[in-house]
Amino acid sequence: QVQLAESGGGLVQPGGSLRLSCAASGSIFGIGPMAWYRQPSGKERELVATISSGGATTYAISVKGRFTIARDNAKNTIYLQMNSLKPEDSAVYYCSVLGSGKWGQGTQVTVSS
């Protein structure tokens, strides 16, 4: 199965933006829905956003209107554009093929002054 590697995390001030990338080891063309998850420190992993093979998206209520998920099959990569970041967005972010039960190693996002 495809292997995924997240990147792009870092420290950002509240109200700032980050774009996370998830690079696949193989082609994601033809693969079904993919997703971003996050796990805040001391909390359980939660679903953030999904994107279908056709580009249809869903978002958690907490991020809707601020985050955008996208996929670029030619680059075998999915993205999470995060705007208007809040401290409660701080977490390790993971990507996954939806329904696979597997995800990458994660990238840390910290929103703090």
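What counts, and where the lines are drawn
Residues numbered from 1 in each chain as written. Predicted model: local features only at pLDDT ≥ 70, side-chain atom pairs only at ≥ 80, totals over all residues. Heavy atoms only, no water. Helix = DSSP H or I, 4+ residues; strand = E, 2+ residues; numbered from the N terminus. Rg over C-alpha atoms; globule rule 2.2 N^0.38 Å. Buried < 20%, exposed > 50% of the residue type's maximum accessible area, 1.4 Å probe, protein only. Contact = heavy atoms within 4.5 Å. Areas by Shrake-Rupley, 256 points an atom, 1.4 Å probe, with all protein chains shown as cover. Lys, Arg positive; Asp, Glu negative; His and termini not counted. Charge placed at Lys NZ, Arg CZ, Asp CG, Glu CD.

Trainee: How should I be thinking about the overall build of the protein chain in this particular structure?
Mentor: A count of helices and strands for the protein chain gives zero helices and ten strands. When the helices and strands of the protein chain are listed from N to C terminus, the series reads β-β-β-β-β-β-β-β-β-β. The C-alpha radius of gyration of the protein chain comes to 13 Å, within 12% of the 13 Å expected for a compact globule of 113 residues. With 113 residues in all, the protein chain has 40% of them scored as buried. Considering only contacts in the protein chain between residues 6 or more positions apart, those separated by 24 or more positions represent 53%. Of the roughly 6,000 Å² of accessible surface on the protein chain, 48% is carried by carbon and sulfur atoms. Taken together, the 10 basic and 6 acidic charged side chains of the protein chain have centroids lying 4 Å from each other.

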